[in-house]
Amino acid sequence: MRIILLGAPGAGKGTVSNLLTSHDGSVHISTGDILRNAVKAGTHLGNQAKQFMDRGDLVPDSLIMGIMEERLQEPDCQKGFILDGFPRTIPQAEELDKLLAKLSIRIDLVANLDVSKEIILQRLTTRRTCSNASCQAIYNVKNNPTKVEGVCDKCGSPTIQRSDETEQAILNRLDTYNKQTAPLTDYYSQKGILKTIEALFEDVVVKEIVSSI
Ligand code: AMP
């Protein structure tokens, strides 16, 4: 499948992507994960992106398009891909359209994961992420805790609260989402490929996506 997941931070895009990946082998491409790995590795890209990310602001479109132009041409994308966190602005969506036309790729579906601000705040402030860049398993101290507090079940690395998951940064990310990313629902609705799905339960979201393709 070739799909784009839209939805505010905390809507469950990462979890849904992982479930879809195990469904048919499509690759999960998260620009947030790519950027966090670059920050951790201290690359030039990471150093440029860090200040924007810590504030909860978007990284400039030019940096993101450079990453995605390379990533979408890697061989594993031929199995299909799930775009998580990209595009995030109308200019990114327009650039993506040009890139996909150049590569003769058609998007099957844009799924808009819809969830209330209250639930998002609750989910994100209680979320913990594995600090190991090649694992990045996601937990929740309330409803999906690690077996040993602060230790990843999968790889044994410490779990952390992301620096952009403090209440202040989350509120800024939601504001940024509403101003810059929410207009993409109209953009894709006009193309006739948008489906809005209530995102309370991830397994229900996955079923709806699979049955819509
Ligand atoms: P995410 O994990 O998708 O919420 O992304 C974390 C942060 O990475 C965002 O708050 C942005 O600072 C940055 N980021 C991720 N994807 C994009 C994108 N497509 N455009 C601009 N910034 C992005």
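Quick note: structure is the one above.
None of the values given here were measured: they were computed from a predicted structure.

## Section: the pattern of salt bridges
Logical step 1: Tallying each qualifying case throughout the model produces 13 salt bridges.
Logical step 2: Note that aspartate 54 and lysine 50 form a salt bridge whose closest N and O atoms lie 2.4 Å from each other. Residue aspartate 54 and its partner lysine 50 are located together in helix H3 (residues 44-55), separated by 4 residues, close to a single helical turn.
Logical step 3: Its relative accessible area of 32% is what places aspartate 54 among the partly exposed residues.
Logical step 4: Residue classification places lysine 50 among the partly exposed positions, given a relative accessible area of 39%.
Logical step 5: Across the pair arginine 127 and glutamate 165 runs a salt bridge whose closest N-O atoms are separated by 2.8 Å. Taken together, the residues span a long stretch of sequence, with arginine 127 in strand E5 (residues 127-130) and glutamate 165 in the loop between strand E7 (159-160) and helix H7 (167-181) at a distance of 38 residues. For the pair arginine 127 and glutamate 165, one class covers both residues: buried.
Logical step 6: Through salt bridges with shared partners, a single network forms among Arg71, Glu74 and Asp76.

## Remarks on the layout of surface pockets
Logical step 1: Considering only enclosed or pocket space, the second largest pocket measures out at about 280 Å³ in volume.
Logical step 2: Forming the walls of the second largest pocket are 14 residues, and the residues nearest its centre are Arg36, Val39, Lys40, Arg162 and Ser163.
Logical step 3: Looking at the lining of the second largest pocket, the elements that each hand over two or more residues are helix H2 (31-41), H3 and E5.

## Some points on the environment of proline 183
Logical step 1: Tracing the backbone shows proline 183 in the loop between H7 and helix H8 (184-190).
Logical step 2: Given a relative accessible area of 31%, proline 183 falls into the partly exposed group.
Logical step 3: Sequence separation between proline 183 and lysine 154 is 29 residues; the distance between their C-alpha atoms is 37 Å.
Logical step 4: Beyond its immediate sequence surroundings of up to four residues, proline 183 is in contact with Ile90 and Asn178.

What counts and what doesn't
Residues numbered from 1 in each chain as written. Predicted model: local features only at pLDDT ≥ 70, side-chain atom pairs only at ≥ 80, totals over all residues. Heavy atoms only, no water. Salt bridge = Lys/Arg side-chain N within 4 Å of Asp/Glu carboxyl O. Helix = DSSP H or I, 4+ residues; strand = E, 2+ residues; numbered from the N terminus. Buried < 20%, exposed > 50% of the residue type's maximum accessible area, 1.4 Å probe, protein only. 1 Å grid on protein atoms, 1.4 Å probe; cavity = no way out; pocket = protein on both sides within 12 Å on 5 of 7 lines; lining within 4 Å. Points joined across faces, edges and corners; volume = space filled by probe spheres on them. Contact = heavy atoms within 4.5 Å.

Read these as geometric descriptors, not functional statements.
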